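# A look at the structure
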Amino acid sequence: MIRRSLFSLCAGLFTSLFLWAGVASAQTSAVLIYDPALPAIAFGASDLKAALEQAGGFTVATAPPSRLAASAEPVQVIVTTNGSIAGQPPVAGLSGEGHAVRRVTSGGITRWWLIGNDSAGAMYAALEAADSVKIDRSLLKVIDKQINPSLAVRGFKLFPHQSHDAFDWVLAEPSMRIVHLYRENLLAEYSSLLVAYAEG
């Protein structure tokens, strides 16, 4: 009797784990819409795509803005500049590099609009959304907000191996100021490069 109960308990536990694993591995499809011809936006979108696939549980297709009207995916993420796509939610009050998030659900489709005042703003919107997905492992925590930077000049560290698109954009963008960091301690510089490669 005890052996039969123990067997039933183990079988039930195994079945529950199997079903849970099946649910956990099921992925939702999504489409990420952006203009690949804009390097800053393409850089932010590539980081967001990786976050959605690795942490958000999505299989992600990409499409240009011209395909938005034809897209029937239940989850759509659009990275764009303010006023550049017909039908996007209006956003007022954005300044240079500012961005906004607007979530709109209609007809069984939820669209996350990541809207920048300019290409750099749209890039920052995508990067912040990617960080949120990585931390919360969910796109649902990417909520409506609007941000204007408090500083007119911002910076970031970029290693040549991390993104060729971003590196090309930085070199070509006239508003960017490039600061080359150099350490006299070559061992410390080598250590920083190893950390950068390890963290992607």
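Everything discussed here concerns the structure shown above.
All of the points below concern the structure found in this document.

Glancing now at a nonpolar patch on the surface. A cluster of nonpolar side chains, Leu 187, Tyr 190 and Leu 194, forms an exposed patch at the surface whose accessible area comes to about 350 Å². Locating Leu 187 in the fold gives a position in helix H5 (residues 186-199). Overall, the relative accessible area of 64% leaves Leu 187 in the exposed class.

Leu 32, Leu 48, Leu 52, Val 77, Val 79, Leu 114 and Leu 139 are the most contacted members of the largest nonpolar core, which has 26 residues in total. Contributing elements (two or more residues each) for this core: strand S1 (28-33), helix H2 (39-54), strand S2 (58-63), strand S3 (75-81), strand S5 (109-116) and helix H3 (119-136). Leave out the neighbours within four places in its chain, and Leu 48 touches Leu 32, Val 77, Val 79, Leu 114, Ala 126, Ala 129 and Ala 130. With eleven residues, the next largest nonpolar core counts Ile 33, Ala 63, Leu 68 and Ile 78 among its residues.

The next subject is the pattern of salt bridges. Inspection of every chain in the model, using the stated rule, returns three salt bridges. Of the charged contacts in the structure, one is a salt bridge between Asp 47 and Lys 134, with a shortest N-O distance of 3.5 Å. Taken together, the residues span a long stretch of sequence, with Asp 47 in helix H2 and Lys 134 in helix H3 at a distance of 87 residues. Accessibility expressed as a relative area gives 24% for Asp 47, which makes it partly exposed. You can call Lys 134 partly exposed: its relative accessible area is 39%. Between Glu 53 and Lys 49 there is a salt bridge, with the nearest N and O atoms lying 2.8 Å from each other. Taken together, the residues span about one helical turn, with Glu 53 and Lys 49 both in helix H2 at a distance of four residues.

The rules behind the values
Residues numbered from 1 in each chain as written. Predicted model: local features only at pLDDT ≥ 70, side-chain atom pairs only at ≥ 80, totals over all residues. Heavy atoms only, no water. Patch = residues over 30% accessible without salt bridge, like charges linked within 9 Å, V, L, I, M, F, W, Y side chains within 5 Å. Areas by Shrake-Rupley, 256 points an atom, 1.4 Å probe, with all protein chains shown as cover. Salt bridge = Lys/Arg side-chain N within 4 Å of Asp/Glu carboxyl O. Helix = DSSP H or I, 4+ residues; strand = E, 2+ residues; numbered from the N terminus. Buried < 20%, exposed > 50% of the residue type's maximum accessible area, 1.4 Å probe, protein only. Core = buried A, V, L, I, M, F, W, Y, C linked by side-chain atoms within 4.5 Å. Contact = heavy atoms within 4.5 Å.

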